[in-house]
Amino acid sequence: MVEKETYEFQAEINQLMSLIINTFYSNKEIFLREIISNASDALDKIRYQSLTDKSILEIEPKLEIKIQADKNTKTLSIIDTGVGMTKTELINNLGTIAKSGTKSFMEALQAGADVSMIGQFGVGFYSAYLVADKVIVETKNFNDTHYVWESAAGGSFTINKITESSLTRGTKLILYLKEDQLEYLEERRLKDLVKKHSEFIQYPINLWVEKEIEKEIEVSNEEEDEKNTTDNDTEKKEDNEEKKKKTKKIKEITHEWQFLNKNKPIWTRKPEEVSREEYSSFYKSLTNDWEDHLAVKHFSIEGQLEFKALLFVPKRAPFDLFEPKKKMNNIKLYVKRVFIMDNCDEIIPEYLNFIKGVVDSEDLPLNISRETLQQNKVLKVIRKNIVKKCLEMFNEISENKDDFKIFYEQYSKNIKLGIHEDTQNRSKLAEMLRYRSSRSQDENTTLKEYVSRMKENQTMIYYITGESQKTVENSPFLEKLKQKGHEVLFMIEPIDEYCVQQLKEYEGKKLVCASKEGLSLSENEDEKKIKEEEKEKFEELCKVMKEILGDKVEKVVVSERLSDSPCILVTGEYGWSANMERIMKAQALRDSSMSTYMSSRKTMEINPRNPIIFELKNRIETDKNDKTVKDLVNLLSDTALLTSGFSLDEPHLFAQRIHRMIKLGLSIDDEEIDENQEKLENIPSLENQTDDEMEAVD
């Protein structure tokens with residue numbers, strides 16, 4: 001028997017192991033991912049060597065990874081039929097710092113070095129000590145004999161040469177699990193881990209599983225005698241069946257290898273080779289969705305950076321799409337088919353958080369653990385390409401009217417959020433916007449279609465924001481616009497307010513809000529002249545109305561946008577609209593200090609062609625101090641607040657004014673009401689009257 005040789009770990013190794021256990025790996029379950037990944041690297045190497053020397057695979061032609069848990073000995077074994085290690089490689093690779101198998105292999109290929117010198121294990125190997133007290137590595141290289149490496153992470157390791165082993169070629173890791181980590185002996189836990197992290201490893205991963213099977217066996221004579229003690233009726237039945245062989249079913253426990261990673265990484269194939277059914281099946285297994293996807297984009301990027309991606313648009317948006325605590329994206333990031341993470345914010349912007357899929361990079365740099373990605377240019381390139389391909393996919397969806405209708409119903413908020421956030425792709429996203437309008441009240445219209453219908457002398461795109469389509473359709477702000485034949489877009493979602501703040505123009509046409517200042521509809525010199533004359537005529541009325549209303553309005557002016565209504569209230573061009581003010585007031589955690597400078601001062605616009613305004617002008621010219629004028633101006637101001645989309649600060653005053661008007665309409669005088677009230681109070685009570693008194697009344 002050969003004696004064990006003991007070696008000291010380098011000082012850095014002890015520090016490294018301490019760092020890995022306490023710092024780098026926040027989630028202990030990734031030890032299995034690391035070991036399977038290293039096993040996959042070892043299989044890559046043997047396959048690479050076999051290209052030049054086919055005899056290497058003769059001893060063990062199968063290239064596979066096996067996982068075996070033993071609850072009796074509390075050990076977990078991971079076996080691969082890869083390249084294995086020589087004694088020198090064992091000492092170097094498992095005794096020196098950060099010799100990453102993958103990295104070394106890639107560097108060797110690029111430099112044309114001798115690949116057989118590359119070790120199997122790197123930093124990932126030491127993650128085994130997250131769950132194990134002791135690790136034994138049994139290995140067999142094609143050019144060397146069997147060796148066993150053993151260490152309990154105590155500053156040293158031993159290497160022992162053995163003559164007998166079931167291992168034909170490759171490496172077998174035996175982890176002696178810590179008492180608090182025995183969950184990794186459970187079949188269900190191991191299956192879940194392989195599915196999560198290593199599902200798309202290109203080599204088969206087999207798990208040693210326990211199975212319960214039912215077996216039929218013949219009944220012994222003793223058992224027959226027991227049965228004969230039953231009652232006569234049963235005996236008769238048994239006599240009829242005597243000729244048949246008597247058997248019974250028993251449960252037997254067996255063990256077998258179960259193939260785990262059945263799903264193949266279809267993103268590694270060419271898009272034209274993958275069928276719709278395969279995409280659908282992959283999408284459902286990836287997302288656990290019961291419906292098919294709406295659209296798919298399968299692409300690969302080559303050049304300085306290489307990665308493949310498969311992106312899906314689900315048919316339905318999740319109910320918690322914009323929940324603040326929700327996981328920001330559904331893109332799973334793989335490096336060489338090994339799962340790394342699914343919560344990398346840098347890969348995809350927030351407004352595309354409904355996209356599901358995978359990104360598999362060939363040369364994405366990782367830091368010491370596979371858990372954390374370095375901030376680098378590579379991620380920015382991946383993000384840029386994903387956004388570009390998503391927009392291409394949306395354009396493809398828009399070619400089918402029915403599909404785009406489903407898409408827009410589910411994800412219109414995301415498109416609008418993108419316009420608010422993504423300056424680079426704003427114009428592309430604007431092409432996907434759809435709105436109802438004054439000319440298209442039942443069907444959505446695009447901005448392109450709107451522009452194609454614009455009048456010859458129209459230079460602006462008009463829109464109005466509000467709570468519902470019914471509200472904006474009948475808004476007084478649209479009176480003159482409709483009269484002149486201008487189309488107005490209806491923006492009725494709260495996010496539209498944020499969207500148009502950023503989307504200032506489309507194809508050189510400025511977007512103008514019909515409820516804000518700065519709306520000029522005078523198209524020729526005659527109209528401008530008439531406007532100036534009206535302004536002059538009603539100047540005195542505007543002045544008196546401003547005095548009556550005081551701070552409620554900033555100014556009172558003659559309107560260009562009204563044709564029927566007597567007056568409206570408009571807001572400043574750069575402040576909040578009435579609808580935006582309503583939205584902001586509804587915010588549960590809003591900062592009220594913001595509303596003081598963002599809620600713009602209101603301007604009252606009066607309609608010089610309205611009979612109410614005309615009569616008010618005449619009354620003021622007759623008597624400036626007419627009391628009814630003050631009441632009517634205040635009432636007009638309150639009704640204008642409501643029709644313009646604002647809320648009343650003092651609704652009780654508005655109610656009182658309305659009640660006074662009702663009394664006037666019914667010709668009821670306040671003095672008459674007082675007299676009637678007195679009469680009612682003087683009527684004697686019926687409760688305490690006797691029958692005689694009642695008769696006297698009759």
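Calculation rules
- Residues numbered from 1 in each chain as written.
- Predicted model: local features only at pLDDT ≥ 70, side-chain atom pairs only at ≥ 80, totals over all residues.
- Heavy atoms only, no water.
- Salt bridge = Lys/Arg side-chain N within 4 Å of Asp/Glu carboxyl O.
- Helix = DSSP H or I, 4+ residues; strand = E, 2+ residues; numbered from the N terminus.
- Buried < 20%, exposed > 50% of the residue type's maximum accessible area, 1.4 Å probe, protein only.
- Patch = residues over 30% accessible without salt bridge, like charges linked within 9 Å, V, L, I, M, F, W, Y side chains within 5 Å.
- Areas by Shrake-Rupley, 256 points an atom, 1.4 Å probe, with all protein chains shown as cover.
- Lys, Arg positive; Asp, Glu negative; His and termini not counted.
- Charge placed at Lys NZ, Arg CZ, Asp CG, Glu CD.
- Pairing = 2+ DSSP bridges.
- Axes fitted to C-alpha atoms, helices over the stretch in contact; angles between N-to-C directions.
- Contact = heavy atoms within 4.5 Å.
- Parallel < 35°, antiparallel > 145°, perpendicular 65-115°, else oblique.
- Nonpolar A, V, L, I, M, F, W, Y, C, P; charged D, E, K, R; others polar.

Caption draft 1: Layout of the pattern of salt bridges. What the rule picks out here adds up to 33 salt bridges. A salt bridge links K416 to D496; its shortest N-O distance comes to 3.0 Å. With a gap of 80 residues between them, K416 in helix α10 (residues 401-421) and D496 in helix α15 (residues 494-502) connect regions that are remote in the sequence. Residue class for K416 comes out buried when judged on its relative accessible area of 3%. One continuous salt-bridge network, built from bridges that share partners, spans E29, E183, R189 and K196.

Caption draft 2: Structural detail: a negative patch on the surface. A cluster of acidic residues, E210, E212, E214 and E216, forms a negative patch at the surface. Mapped onto the elements, E216 comes out in strand β8 (residues 205-218). Given the relative accessible area of 54%, E216 is considered exposed.

Caption draft 3: Molecular detail of the sheet that holds strand β11 (residues 307-314). In space, the 5 strands of this open sheet follow the order β10-β11-β14-β12-β13, with mixed pairing throughout. In this open sheet, the two strands that pair with only one neighbour each are β10 (293-301) and β13 (338-341). Ignoring which end each strand starts from, the neighbouring axes of this sheet average 20° apart. Taken together, the 8 bridges between β10 and β11 define a ladder with antiparallel strand orientation. Paired with K297 across the strands is L311, a residue of β11. Along the sheet face, helix α9 (residues 377-398) touches β10, β11 and β14 (356-361) and points at about 140° away from the line of β10.

Caption draft 4: Just the packing of helix α17 (residues 539-549) against helix α21 (residues 627-643), in detail. Across the interface, α17 lies against α21 with an axial gap of 10 Å and an inter-helix angle of 80°. The pairing of α17 with α21 is recorded here as roughly perpendicular in orientation. Where α17 approaches α21, its residues M545, I548 and L549 are matched on the opposing element by V629, K630, V633, N634 and S637. Looking at the contact of α17 with α21, its residues break down into 5 nonpolar, 2 polar and 1 charged.

Caption draft 5: Summary view of unusual backbone geometry. Of note in this structure, N288 is not a glycine but carries a positive phi near 60°. Following the sequence through the fold, N288 ends up in the loop between α8 (276-287) and β10. On the basis of relative accessible area, N288 is assigned to the exposed category, the value being 70%. Not every positive phi belongs to a glycine, and E507 is a case in point at roughly 50°. With respect to the element layout, E507 can be found in the loop between β18 (505-506) and β19 (509-513). A relative accessible area of 45% places E507 in the partly exposed class.

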